[in-house]
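Topology and contacts: notes
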Amino acid sequence: MQISVVLLLLIFSLSAFSSEDEIRDLMERYETHMSGVKTKGYDIFTADFAKESPDVAAPRIIEPDEEFKKKKEKLKIEHKIRMSKRNKDLAFVRRIEDGEQVDSEFVIKKIKGQWQIQGTINDED
Amino acid sequence: MKYALWGVLGLLLTTIEASPKEPLIEVLGPYYPRNADASYCRRKTDIVDTIVFHHSQTTSTTSPEEINEMHLERGDASDPWLMIGYHFTINSPYVDSPHYKTYVSRGRPFHIAGSHAGSDAYAKVTPETKELLKAKDSVRCGTETGVVSEADDKFNPDGDAKANYTTVAIVFIGNYFVRNQSNPGGYPLGNERFPTGRAIDAAARLACQLQRDNPRIQYIKWHSFYRATSCPAKVRERIKAIITQTEKYGCKFQ
């Protein structure tokens, strides 16, 4: 009994870790995409988001790799991930630029097994 | 026969005069699940004297139910949010959007203090509001099944009132802030985005209806009035238009 509980917990935490890794990867791809670098896939955003901001979700066609590298070195970007407690397919990411927290959060949804950016939300207690 | 006709006419006129005014706007009432363990504050509604406008910074097609789902995630394990933090939502699709439909929905009940201005946001209020807020039991906080007691944070040391207690929150659902890496759904630089005329009218009708129902509501403000925040972004530039529009419906705001 105890062993199965431990195993379940282990499986649960492993899946949580993998979700966080996937979201971290998504946010990395997002940063690259938004910096004007050609990105491989264009599944960063949800269809809802793409419908409202098609120009943002559209593929990038320029590849200023050197510029991007320089830009990335200048700004230290961190992503603080918060998994939903109620919905396993929902997560929130706060973007931190050079230690400064932005007052909105990214809303990330898992759609057909893939994490995608739905947009942002700005609210307060 | 002649007297009977006059009698019917008189009765009709009395009925028309006595009947309440038609509501200025249709307000939808979605079903919102709540956090059963959350603590929240019930308030006497006469302490409310100000409407505060926000923008959600979400996509404009986000539903109030989805905002509720996200707000159920707010707070920490020991102090989660009860439900959607705003009292009303206005779905405000952008100009030329294929989903061109503005609708207003009820959010958190009016007699429950909102979660919107910031728990540390305090502001000066009129002497009358101050007295009403000072009164015993004007705001009582607790959980559904736990201990309920008088709020101990109605005023800050400077005597300013807690904004969440004396205000009602209306949010424009949409993203009215400039696009940047932290806000990909915002408007492109140089192409500012404002709520449509229909959304402004809906906001004015709603504000006026709130004043009709609660005559102490006389002020209209915006989130960044209370604290340093980008919210409500470009909606801020339409506050004057909303106030002017309320006059069309016989209301007066400052």
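Just above, that's the structure.
Residues numbered from 1 in each chain as written. Chains lettered and ligands numbered in written order. Predicted model: local features only at pLDDT ≥ 70, side-chain atom pairs only at ≥ 80, totals over all residues. Heavy atoms only, no water.

**Quick look at the packing of helix α5 (residues 197-213) of chain B against helix α7 (residues 239-248) of chain B**
Residue and element names in this part refer to chain B. The geometry of α5 relative to α7 is characterised by a closest axis approach of 8 Å and an angle of 60 degrees between their N-to-C directions. Judged by the angle between their axes, α5 and α7 are oblique. Viewed along their axes, α5 and α7 form a crossing whose handedness is right-handed. Here I200, D201, A203, A204, A207 and C208 of α5 come into contact with α7, specifically with A241, I242, Q245 and T246. Of the residues contributing to the contact of α5 with α7, the split by class is seven nonpolar, two polar and one charged. (Axes fitted to C-alpha atoms, helices over the stretch in contact; angles between N-to-C directions. Helix = DSSP H or I, 4+ residues; strand = E, 2+ residues; numbered from the N terminus. Parallel < 35°, antiparallel > 145°, perpendicular 65-115°, else oblique. Left-handed = near helix turned anticlockwise from the far one by under 90°. Contact = heavy atoms within 4.5 Å. Nonpolar A, V, L, I, M, F, W, Y, C, P; charged D, E, K, R; others polar.)

**Some details on the nonpolar core**
Residues and elements named next belong to chain B. Judged by nonpolar contacts, the single largest core of 43 residues is most densely connected at I51, F53, Y165, F172, L210 and I220. When residues of this core are traced back to their parent elements, those giving at least two are β3 (50-55), β6 (88-91), β9 (139-142), β12 (167-173), α5, β13 (219-222) and α7. Counting residues per element, this core draws most heavily on α5, at nine residues. When neighbours within four sequence positions are excluded, I220 is seen to be in contact with I51, F53, A207, I239, I242, I243, F253 and Q254. (Core = buried A, V, L, I, M, F, W, Y, C linked by side-chain atoms within 4.5 Å. Buried < 20%, exposed > 50% of the residue type's maximum accessible area, 1.4 Å probe, protein only.)

**Observations concerning helix α2 (residues 64-71) of chain B**
P64, I67, N68, M70 and H71 of chain B are the residues of α2 of chain B that are buried. Buried residues along α2 of chain B cover an arc of 165 degrees about the axis, so they all sit on one side. Structurally, α2 of chain B contributes buried residues whose contacts are with β2 (90-97), β4 (105-111) and β5 (114-121) of chain A together with β6, β7 (103-106) and β12 of chain B. (Arc of directions from axis to C-beta.)

**Here's the deal with the layout of surface pockets**
Reported here for the largest pocket is a volume of approximately 480 Å³. Lining the largest pocket are 22 residues, with R94, Q101, E105 and D123 of chain A together with R74 of chain B sitting closest to its centre. Of all the secondary-structure elements, those providing two or more residues to the lining of the largest pocket are β1 (77-83) of chain A together with β4 (75-76) of chain B. For the lining of the largest pocket, the residue count by class is three nonpolar, six polar and 13 charged. (1 Å grid on protein atoms, 1.4 Å probe; cavity = no way out; pocket = protein on both sides within 12 Å on 5 of 7 lines; lining within 4 Å. Points joined across faces, edges and corners; volume = space filled by probe spheres on them.)

**Considering the interface of chain B and chain A**
Counting residues at the interface gives 40 residues for chain B and 34 residues for chain A. Taken together, both faces of the contact between chain B and chain A bury some 3100 Å²; the carbon and sulfur share is 41%. The tally of links between chain B and chain A comes to five salt bridges. Among the salt bridges present, the one from D55 of chain A reaches R179 of chain B, with a minimum N-O distance of 2.9 Å. The tally of links between chain B and chain A comes to 32 residue pairs in polar contact (both at pLDDT 80 or more). It is α2 of chain B that provides the largest number of residues to the side of chain B that touches chain A, a total of four residues. Counted by class, the side of chain B that touches chain A contains nine nonpolar, 25 polar and six charged residues. (Buried area = accessible area lost by both parts, 1.4 Å probe. Salt bridge = Lys/Arg side-chain N within 4 Å of Asp/Glu carboxyl O. Polar contact = N/O pair within 3.5 Å; in protein donor to acceptor, adjacent residues only side chain to side chain.)

**Quick word on the side chain of D49 of chain B**
Residues and elements named next belong to chain B. Tracing the backbone shows D49 in the loop between β2 (40-43) and β3. There is no salt bridge for the buried D49, and the closest opposite charge comes from R216, which lies 4.5 Å off by N-O distance. If we skip the residues at most four places from it in the chain, D49 touches T126, T129, T166, R216, I217, Q218 and Y219. (Lys, Arg positive; Asp, Glu negative; His and termini not counted.)

**What to know about α5 of chain B**
Here α5 of chain B spans 24 Å end to end across 17 residues, near enough to the 24 Å set by a 1.5 Å rise per residue. What α5 of chain B keeps buried is the set A199, I200, D201, A202, A203, A204, L206, A207, C208, Q209, L210 and Q211 of chain B. (Expected span 1.5 Å × (residues − 1).)

**Regarding the pattern of salt bridges**
The full count for this structure, using the stated rule, is 25 salt bridges over all chains. D153 of chain B is paired through a salt bridge with K162 of chain B; the nearest N and O atoms lie 2.9 Å apart. Look at D153 of chain B and you get partly exposed, because its relative accessible area is 22%. The buried category is assigned to K162 of chain B, whose relative accessible area is 8%. When salt bridges with common partners are traced through the structure, they connect R82, R94, E105 and D123 of chain A together with R74 of chain B into a single cluster.

**Description of the side chain of E52 of chain A**
Inspection of the secondary structure puts E52 of chain A in helix α2 (residues 47-52). Despite its burial, E52 of chain A pairs with no opposite charge, the nearest such side chain being R193 of chain B at 5.2 Å. Within the structure, E52 of chain A has its side chain in polar contact with the side chain of S60 of chain B (distance 2.7 Å).

**Some details on the packing of aromatic side chains**
Taken as a whole and assessed by the stated rule, the structure comprises seven aromatic pairs over all chains. Relative to F49 of chain A, the ring of F45 of chain A has its centre 4.6 Å away and its plane inclined at 15 degrees; by these criteria the two rings are stacked. The residues F45 of chain A and F49 of chain A share a single accessibility class, namely buried. Note on F225 of chain B and Y226 of chain B: the rings are 5.0 Å apart at their centroids and 80 degrees apart in plane angle, and the pair reads as edge-to-face. One aromatic cluster is present, formed by Y30, F45, F49 and F106 of chain A through successive ring pairs. One residue, R43 of chain B, lies across the ring of F110 of chain B, its end atom 5.4 Å from the ring centre. Note that R74 of chain B overlies the ring of F92 of chain A, its terminal NZ or CZ placed 5.2 Å from the centroid. (Phe/Tyr/Trp six-rings, centres within 6.5 Å; stacked < 30°, edge-to-face > 60°. Lys NZ or Arg CZ within 6 Å of the ring centre and 35° of its normal.)

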